[in-house]
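# Descriptive structure summary
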Amino acid sequence: MFNEKLLKLSEKIEMEIRPVFETYEKIAFNNQIKVLKAFKECKISDIHFNSTSGYGYDDIGRDVIDEVFAKAFGAEDCLVRHNIISGTHALATALFGVLRPSDIMLSVTGKPYDTLEEVIGIRGEDGNGSLKDYGIKYHQIDLVNGEIDYNAIKKYLQENKVKMVFIQRSKGYLDRPSLCIDEIKKISDFVKEIQKDVIVMVDNCYGEVVEEKEPTQVGVDIMAGSLIKNPGGGMAETGGYIAGRKDLITLCAYRLTSPGIGKEVGATLNQNKSIVKGLFFAPHIVKEAIKTAIFAAALYENLGFIVEPRFDSKRTDIISSIRFNDKDKLIAFCQGIQMGSPVDSHVLPEPWAMPGYSDEVIMAAGTFVQGASIELSADAPIKEPYLAYLQGGLTFESGKFGILSSCQNLIDKELINL
Ligand SMILES: *Cc1c(COP(=O)(O)O)cnc(C)c1O
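Heads up: these notes are all about the structure in this document. What you are looking at is a predicted structure, and each value in this text was computed from that prediction instead of being measured.

A few words on the sheet that holds strand β9 (residues 320–323). Pairing between sheet strands relies on hydrogen bonds along the backbone, with the strands arranged either parallel or antiparallel. Sheet architecture is open: five strands sit in the order β8-β9-β12-β11-β10, paired in antiparallel fashion. For this open sheet the edge positions go to β8 (306–308) and β10 (361–364), each flanked by a neighbour on one side alone. Taken pair by pair, the neighbouring strands of this sheet meet at an average axis angle of 20°, ignoring direction. By the bridge criterion, three bridges tie strand β11 (residues 377–381) to strand β12 (residues 387–391) in an arrangement that is antiparallel. Paired with S377 across the two strands is Q391, which belongs to β12. Set on the sheet, helix α8 (residues 272–302) makes contact with β8, β9 and β12; between it and β8 the angle comes to about 160°. Contacts from helix α9 (residues 327–339) reach β9, β10, β11 and β12 within the one sheet, and its direction differs from that of β11 by about 155°.

We now examine the nonpolar core. With 61 residues, the main nonpolar core has L299, Y300, F324, F333 and I403 as its most contacted residues. Mapped onto this core, the elements with two or more residues apiece are α1 (4–41), α8, α9, β10, β11, β12 and α10 (396–412). In this structure, this core is formed jointly by two domains, domain 1 (4–31 + 280–412) and domain 2 (45–270), each of which donates at least three residues. Grouped together as the second largest cluster of nonpolar side chains are 44 residues, C78, Y156, V165 and V218 included.

This part takes up the environment of P385. Looking at the secondary structure, you find P385 in the loop between β11 and β12. A C-alpha to C-alpha distance of 37 Å links P385 and Q158, two positions 227 residues apart in sequence. Excluding residues within four positions of it along the chain, P385 makes contact with D175, R323, F324 and N325.

What follows concerns empty space enclosed by the protein. Within this structure, the stated rule accounts for two cavities of 30 Å³ or more. Taken as a whole, the largest cavity encloses approximately 40 Å³ of empty space. Lining the largest cavity are R62, I65, V80, R81, H82, T268, Q271, N272 and I275. Elements with a contribution of two residues or more to the lining of the largest cavity: α2 (60–72), β1 (77–81) and α8. In terms of residue class, the lining of the largest cavity is built from three nonpolar, four polar and two charged. Here the second largest cavity is characterised by a volume of approximately 40 Å³. As for the second largest cavity, its lining consists of Y24, I27, A28, N31, V209, V210, P283, K287 and I290.

Side-chain pairing between opposite charges can occur once the charged atoms of the two side chains come close. Applying the stated criterion across every chain, the model contains 29 salt bridges. A salt bridge links D66 to K263; the shortest N-O distance between them is 3.3 Å. One end of the pair, D66, is in helix α2; the other, K263, is in the loop between α7 (246–256) and α8, with 197 residues separating them in the sequence. Look at K263 and you get buried, because its relative accessible area is 19%.

Attention now goes to the sheet that holds strand β5 (residues 199–203). Read from one edge to the other, the open sheet built from seven strands follows the order β1-β7-β6-β5-β4-β2-β3, with strand pairing classed as mixed. Either end of the sheet is taken by a strand with one partner, and the two such strands are β1 and β3 (137–140). Averaged over neighbouring strand pairs, the angle between their axes works out to 20° when direction is ignored. Pairing of strand β4 (residues 164–168) with β5 involves five bridges; the strand directions are parallel.

What counts, and at which threshold
- Residues numbered from 1 in each chain as written.
- Predicted model: local features only at pLDDT ≥ 70, side-chain atom pairs only at ≥ 80, totals over all residues.
- Heavy atoms only, no water.
- Pairing = 2+ DSSP bridges.
- Helix = DSSP H or I, 4+ residues; strand = E, 2+ residues; numbered from the N terminus.
- Axes fitted to C-alpha atoms, helices over the stretch in contact; angles between N-to-C directions.
- Contact = heavy atoms within 4.5 Å.
- Core = buried A, V, L, I, M, F, W, Y, C linked by side-chain atoms within 4.5 Å.
- Buried < 20%, exposed > 50% of the residue type's maximum accessible area, 1.4 Å probe, protein only.
- Domains from an automatic or database assignment.
- 1 Å grid on protein atoms, 1.4 Å probe; cavity = no way out; pocket = protein on both sides within 12 Å on 5 of 7 lines; lining within 4 Å.
- Points joined across faces, edges and corners; volume = space filled by probe spheres on them.
- Nonpolar A, V, L, I, M, F, W, Y, C, P; charged D, E, K, R; others polar.
- Salt bridge = Lys/Arg side-chain N within 4 Å of Asp/Glu carboxyl O.

Printed below as a string of structure tokens:
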């Protein structure tokens, strides 16, 4: 199955990374405490796992899920729904929920995630119903050498009344470090010092329960993410969440359903139990994904590739980027990840023009939940410097297997030698 030398190298690497694992085991335990405390406070019980149909009036499971997520995230309120269809939908719902014509949205972490470009209206056609179509203005302040440009932010805020400051925590498809909670707090404090009523929003995708605090616990007003990433713990079948200030969550619920109706309607169609279970599993599963990322970083660094973050760097999300500088290596890597997956290991992913993305993308996701990136997955836009983005791994053992399989595929194709 695997080359002798590769297995030897893997063993050696695993010895070296053990101490790094310990850090994340501690964080996982502290997050598990946070989650179980929320479960206790909300009196989670069998009755909450029942399903509703039709309007879904009085679905106490749906209500308690909002409450338990809010408590676990240290937020006033939360909107967790299976019919928030993706992370992009959660983020778009929050943006449309909060922003009004002539408001300014200021991104301080440069270009937002690819799929948000069409939501904002900085890519795609006019007339598609983007924020821009509704007269919402957008400005972005780029990172300088991967760092937040505090001077430029200050200058812009002194000259313009801004409704929302937008922060993307995880790097997305960008070649920059992700932002840790301390830095998010620093930005939030900084902008509120200049305009005290500005709404700070965080794209929290891939960041949940990686650190011991969430953005909403350090002054951020609203954040959103996907349930088929971290907070669904590999259990949620679909869904997204928005967490934050109560008044803002009400507006988001009005946007998702209808003004006046908000959170009070919506059948849960048997999804409650898997969503609750997902939050329960999230601290552990995220730790497994991080262990997989640490192993991958140590292995590929050893083979001479640049991996960000380094195997022993502080992490704030579950993503790693591996720089291949070569199209064939990149594709072989992603195909190898697929070969080492539990589902669809017999198919080969190919680059294609995915909706919402501007470059061709290759995606390896041999997952139980379609496209779930809390499960081991790799994706890459086909462009220089040929970076593969790697994330997930429901168990370290299966994650390690997938990583070794990617490496074996590179060896088999004679693209690397040990
Ligand atoms: C995944 C992700 C999103 C949303 O993606 P979906 O595929 O729509 O769930 C948004 N921002 C970042 C940084 C992400 O990683």
